[in-house]
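An overview of the molecular structure
Below, each chain spelled out in residue letters.
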Amino acid sequence: MIKFLILTLFVAYAAAGDSDVHAEVKELKSDVRADGFDYALETSNSIHQQASGDEHGNMHGSYEYVSPEGEHVLVSYTADENGYHPVSEYLPTPPPIPDYILKAIEYIKAHPSKE
């Protein structure tokens, strides 16, 4: 009996702590036209999304939410024939190219091989 009580308490705690389960749509706008579309979404758990597109399949938009750590995350993006291009301070970035590699590249450009 005590095991059942403990299991019930864990399930109740998990359900009460997860406010995303009970999130509701506060605003939804969608306008689809022959020359493109506009879309906007807002939920009760601080998720916002908006996007616009044209007749060629190009899109631009953004989405934002609050992370589990409590940080506000905003991602803006474009999507076109060259791919998906997100921009955010939270996206990983490559490390800078070391100076000796940049010098080697410049040397190779200045001294092309003779074929």
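Residues numbered from 1 in each chain as written. Predicted model: local features only at pLDDT ≥ 70, side-chain atom pairs only at ≥ 80, totals over all residues. Heavy atoms only, no water.

Quick notes on the overall build of the chain
Helix and strand counts for the chain stand at 2 helices and 6 strands. Reading the chain from its N terminus to its C terminus gives the helix and strand order α-β-β-β-β-β-β-α. For the chain, with 115 residues in total, the buried portion stands at 13%. Long-range pairs, those at least 24 residues apart, make up 3% of the contacts in the chain with a sequence separation of at least 6. As displayed, the chain offers around 9700 Å² of accessible surface, 62% of which is attributable to carbon and sulfur atoms. (Helix = DSSP H or I, 4+ residues; strand = E, 2+ residues; numbered from the N terminus. Buried < 20%, exposed > 50% of the residue type's maximum accessible area, 1.4 Å probe, protein only. Contact = heavy atoms within 4.5 Å. Areas by Shrake-Rupley, 256 points an atom, 1.4 Å probe, with all protein chains shown as cover.)

Concerning the packing of aromatic side chains
Tallied over the full model, the rule gives 2 aromatic pairs. With a centroid separation of 6.3 Å and 45° between ring planes, the pair formed by Tyr63 and Tyr77 is classed as tilted. Taken as a pair, Tyr63 in strand E4 (residues 59–66) and Tyr77 in strand E5 (residues 72–80) lie far apart in primary sequence, 14 residues in all. According to the relative accessible area criterion, Tyr63 is partly exposed, its value standing at 30%. Here Tyr77 and Tyr84 contribute two aromatic rings whose centre-to-centre distance is 5.6 Å and whose plane-to-plane angle is 40°, an arrangement assigned as tilted. When its relative accessible area of 10% is taken as the criterion, Tyr77 is described as buried. (Phe/Tyr/Trp six-rings, centres within 6.5 Å; stacked < 30°, edge-to-face > 60°.)

Topic: a nonpolar patch on the surface
Taken together, the side chains of Ile97, Tyr100, Ile101, Leu102 and Ile105 make up a nonpolar region of the molecular surface, amounting to roughly 480 Å² of accessible area. Take Tyr100: it is sitting in helix H2 (residues 99–110). (Patch = residues over 30% accessible without salt bridge, like charges linked within 9 Å, V, L, I, M, F, W, Y side chains within 5 Å. Salt bridge = Lys/Arg side-chain N within 4 Å of Asp/Glu carboxyl O.)

Topic: unusual backbone geometry
Of note in this structure, Ser46 is not a glycine but carries a positive phi near 70°. Position of Ser46 relative to the elements: it lies in the loop between strand E2 (36–43) and strand E3 (48–54).

Concerning the sheet that holds strand E6 (residues 83–87)
Pairing between the strands of a sheet is mediated by backbone hydrogen bonds and can be parallel or antiparallel. Reading across from one edge, E1-E2-E3-E4-E5-E6 is the order of the 6 strands in this open sheet, with antiparallel pairing throughout. Whereas interior strands pair on both sides, the edge strands pair on one side only; in this sheet they are strand E1 (25–33) and E6. Averaged over all pairs of adjacent strands, the angle between strand axes in this sheet comes to 10°, irrespective of strand direction. Summarising the sheet, E2 and E3 pair through 7 bridges and their orientation is antiparallel. Its bridge partner lying in E3, Asp38 is registered against Ser52. (Pairing = 2+ DSSP bridges. Axes fitted to C-alpha atoms, helices over the stretch in contact; angles between N-to-C directions.)

Some remarks on the environment of His22
Here His22 lies in the loop between helix H1 (2–17) and E1. Owing to a relative accessible area of 59%, His22 belongs among the exposed residues under this scheme. For the pair His22 and Asn45, spaced 23 residues apart in sequence, the C-alpha to C-alpha distance is 8.7 Å.

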